[in-house]
Structures are given as C-alpha cells and as structure tokens.
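# Chain and residue survey
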Amino acid sequence: MPAPPISDSAIKFAASARITPGPAALFRGFARVGLSGFGGVLPWARRLLVDTERWLTAEEFNVLLGLCQFLPGPNVVNLAVAVGVRCCGWRGAVAGALGLMLGPFLIALLLGLLYARYGQIPAVQSVLYGVTLVGAGLIIATGIRMGLNVQQRAVYLPFAAAAFAALVFLHWPLPIVMIGGAALTVSLSWWRLAREACQ
Amino acid sequence: MSVLLDLFISFFLVAFVSFGGASAVIPEFYRIVVTEHSWMDARTFTELFAIAQAAPGPNVLIVSLIGQYVDGWLGALVATIGICLPMSLVVGLLFNYWDRLQHWRGRAAIQLGVAPLAVGLVLASGVLIARSAAPGWAGIALVVLTVWLSLRTTLHPLWLILLGALFGLTGVV
C-alpha cells in the first residue's frame, strides 16, 4: 500500500525546512553545544541539530549518530566532524570540531592551572574526592543504560560481563580485551545474521 | 620534545580501541599515564578525572588535563589532537560511504558485536575509577546513590556533581 499523501508532504516540508549552515554557523552552534554540556554532550547536540537549528532531520541525526557510535573515539567529536563534512566539506569538519572543543578546552586549562596552584589544599582534595565518586557513578549509570539498549540481550550481554570481568578482576590489557572480544562477538553476530538471511 | 611525542602517540593509539567513547578507556589512560610512564601518581589522576567531570564539554577533556599536567598547554593540545584525530579522519572519509553500506552484513554485524563490549568497557571504567579513589563504605554508598539517582530521576548531572562536592567537603564520604 502506498504511503498516505499526508506523510509525503510532511517529508517534503521537512526537507525544505532543513537549513545548511556555513563554517561560521557550525562553529558557533557547536560552541554552544560544547559549553552547555555537563556530563555528556550528546543530548545537547541533538537539541541543537534537530530542534533548534534544523540542520538535520531526526532521521538523519540517527544515521549520523549510528556512524559515530559505530566507530571508536570521542563520539561527540566524531558527530561534529560528520555534520561539518556533510554541510561544507573539510572546512565544515574543522569548524564543527573546533567549535565544540575550543571553549571547553580553554576552561579545562584554566581549571588545570587552578589545580596546579591550589590542588594541595585539603579542602580542595576532599571536594575532588567526592566528585570522583559521583563521576564514577555517572559512568556506571551510562554503562547500565547502554546495556539496556543492547539488542538481543540474552545472546550478547554475557560478552559484556566477560569483558568487565577480564578488565576488573583479571586486569587484562584493554586493547587485548577489545580486539579479542570484538573478533569473537562480531564473528558471532555475522554468523547469526547469515543464518537469519538464509531462513 | 620526546614527552610531547609520547603523549601524542599514546593517545593516538588509544583512539582506535575507545569503543564507547572516552569514558570507556579511562582505565587505559590510567595505565599509560600512571603505570607505564609515571607522569603522575594515582591520586593526581583521579583528581584530574574529577575536574574533567565537573567541567563543561565532552568527556574527552580528561585527556587535555592529563596533557597539561605532563607538559603544559602544548602537552594539552598535542594529547587532545592525538585522541581526536584518528577517528575524525575516518569519519570524514567514511561518511560518504556510510549510506551505501546500509545493506552490507558487516555493518550490522559490527554494530551488534561491538555494543556489548562497549558496555563492559564503560562499566569496568566506572568501577575501576571508583576503586582507584579507595572509598570507604560511605564512599561506596555515594557511588551507588549516584547510579540510582541517575537512572531513576531526571536530575541534571550537575546537581549530582555538586552533591559529591558537598559530601566530600563536609567529610561525609
């Protein structure tokens, strides 16, 4: 059955409503994203790209995010590069990544200088100790959330547990766990997909 | 010069295994910075981690702070470029082919297979950071409380960080 006409026109509207920014706009936009993100920048990136500026449709955003999460490396930096390349080639990539990183980078350097100067004060160390524990908790929560999003959990989550055990209890080197583990899990998923395709 | 080169190469290489983002490879940063090169002690490392958590911006900024501690602003720049560059290049090059790979079985296989490992890495990262801070029972309770609040409420992470700072300052943990 063909799609009802209303969604057709909605797609056309979305396509025409999409705006292609230049490098300067990319820089400013990602600068805002970088500076407003505490404990994870991705939700802010989505808000800017899809809702506020409409540089991407929601679907385009998901596709690009898929690419960036598919690859290793800082996901948000990858995203800025992908959006930049898409809008205006390598100049856009540089503008997006620089915009994202420059402000937070300078703030981090400033905090680093303050730390070098006042880091020995016991009160500062107590504060940082408390923040470290909360930071660890935030990362664990992120991991749990990612775990709940894994597809076919019964098959794949045991590998998450194995990687965790290898790192925390056996102290295996991370590159070995990641590369060895990926060889196993990707072979498995390839095999399962091939079997599905045959059925 | 050789320290700068070491910083660049170390973080450049980590970029290739950092599935799940920078948070996933913090233990690897620890191994490079504290165990292998003795650029700082464990306490300094966890304190830099705390600063990166409290600062705005992507999590990858812990790399900038490490670089700065090791070799000033130039170290920060070199380390940050080292971790960001490899995959930025790959994204830039792969971008045009990504849509065309949509029906290639390998793309789906890698997405399915890598996700659980990223989960293991990120969880291990959180646990190892908490462990490196050597918390007592109250500290462990704070970690658990943070996880619970983060999953069960829509509280902004910044409030949790302030809570941690307050608990630390008042000696509750």
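Analysis parameters
- Residues numbered from 1 in each chain as written.
- Chains lettered and ligands numbered in written order.
- Predicted model: local features only at pLDDT ≥ 70, side-chain atom pairs only at ≥ 80, totals over all residues.
- Heavy atoms only, no water.
- Patch = residues over 30% accessible without salt bridge, like charges linked within 9 Å, V, L, I, M, F, W, Y side chains within 5 Å.
- Areas by Shrake-Rupley, 256 points an atom, 1.4 Å probe, with all protein chains shown as cover.
- Salt bridge = Lys/Arg side-chain N within 4 Å of Asp/Glu carboxyl O.
- Helix = DSSP H or I, 4+ residues; strand = E, 2+ residues; numbered from the N terminus.
- Domains from an automatic or database assignment.
- Buried area = accessible area lost by both parts, 1.4 Å probe.
- Nonpolar A, V, L, I, M, F, W, Y, C, P; charged D, E, K, R; others polar.
- Buried < 20%, exposed > 50% of the residue type's maximum accessible area, 1.4 Å probe, protein only.
- Contact = heavy atoms within 4.5 Å.
- Polar contact = N/O pair within 3.5 Å; in protein donor to acceptor, adjacent residues only side chain to side chain.
- Expected span 1.5 Å × (residues − 1).
- Phe/Tyr/Trp six-rings, centres within 6.5 Å; stacked < 30°, edge-to-face > 60°.
- Lys NZ or Arg CZ within 6 Å of the ring centre and 35° of its normal.
- Core = buried A, V, L, I, M, F, W, Y, C linked by side-chain atoms within 4.5 Å.

## With respect to a nonpolar patch on the surface
Residue and element names in this part refer to chain A. Judged by side-chain polarity, Phe27, Trp90, Val94, Leu98, Leu102 and Leu106 come together as a nonpolar surface patch covering roughly 600 Å² of accessible area. The greatest single-element share of the nonpolar patch, amounting to five residues, is contributed by helix H5 (residues 75–118). By secondary structure assignment, the location of Leu106 is in helix H5.

## A short note on unusual backbone geometry
All names here are of chain A. Positive phi values are uncommon outside glycine, yet Arg54 reaches one of about 55°. Looking at where Arg54 falls in the secondary structure, it is placed in the loop between helix H3 (42–52) and helix H4 (58–70). We note that Gln152 has phi near 50°; this positive angle belongs to a residue other than glycine. Among the structural elements, Gln152 can be located in the loop between helix H6 (122–149) and helix H7 (153–168).

## Side note on the domain arrangement of chain A
All names here are of chain A. When the domains of chain A are assigned, the result is domain 1 (16–118), domain 2 (119–149) and domain 3 (150–199). The distance between the C-alpha centroids of domain 1 and domain 2 comes to 24 Å. A buried area of about 300 Å², summed over both sides, lies between domain 1 and domain 2, and 62% of it is on carbon and sulfur atoms. Classifying every residue of the side of domain 1 that touches domain 2 gives three nonpolar, no polar and one charged.

## Some remarks on the pattern of salt bridges
Residues and elements named next belong to chain B. Per the counting criterion, the structure on display carries five salt bridges over all chains. In this structure, Arg31 engages Glu28 in a salt bridge whose closest nitrogen and oxygen atoms are separated by 3.0 Å. Placement of both Arg31 and Glu28 in helix H2 (residues 26–36) is noted, with a separation of three residues, approximately one turn of the helix. Owing to a relative accessible area of 5%, Glu28 belongs among the buried residues under this scheme. What you see here is one network of salt bridges that share partners, running through Glu28, Arg31 and Glu36.

## A few points about the interface of chain A and chain B
Facing the 84 residues of chain A at the interface are 96 residues of chain B. Both sides of the chain A and chain B interface together cover about 8,100 Å² of buried area, and 81% of this is carbon and sulfur. Summed over the three residues of chain A that lose the most area to chain B, namely Phe38, Phe70 and Met178 of chain A, the buried surface amounts to 9% of that side. Applying the counting criterion to the chain A and chain B interface returns 10 residue pairs in polar contact (both at pLDDT 80 or more). Of all the secondary-structure elements, those providing two or more residues to the side of chain A that touches chain B are helix H2 (23–36), H4, H5, H6, H7 and helix H8 (174–198) of chain A. With 24 residues, H6 of chain A is the single largest residue contributor to the side of chain A that touches chain B.

## As for helix H3 (residues 42–54) of chain B
Its 13 residues give H3 of chain B an end-to-end C-alpha distance of 19 Å, which sits within 8% of 18 Å, the value for a rise of 1.5 Å per residue. Contacts from the buried residues of H3 of chain B go to H5 and H6 of chain A together with H2, helix H4 (61–98), helix H5 (105–132) and helix H7 (157–169) of chain B.

## What to know about the packing of aromatic side chains
The full count for this structure, using the stated rule, is five aromatic pairs over all chains. Ring plane angle 90° and centroid distance 5.2 Å describe the contact between Tyr30 of chain B and Phe45 of chain B, whose orientation is recorded as edge-to-face. You can see Tyr30 of chain B sitting in helix H2 and its partner Phe45 of chain B sitting in helix H3, a full 15 residues away along the chain. Judged by its relative accessible area of 26%, Tyr30 of chain B falls in the partly exposed class. Seen from the ring of Trp44 of chain A, Arg47 of chain A lies directly overhead, with NZ or CZ sitting 4.9 Å from the centre. Of note, Arg195 of chain A hangs over the ring of Trp191 of chain A, and the distance from its end group to the ring centre comes to 4.9 Å.

## Description of the nonpolar core
Within the largest apolar cluster, 115 residues are counted, with the highest numbers of intra-cluster contacts made by Leu49 of chain A together with Phe29 and Ile66 of chain B. Setting aside anything within four residues of it in sequence, one finds Ile66 of chain B in contact with Phe11, Phe29, Val33, Met40, Phe45 and Leu48 of chain B.

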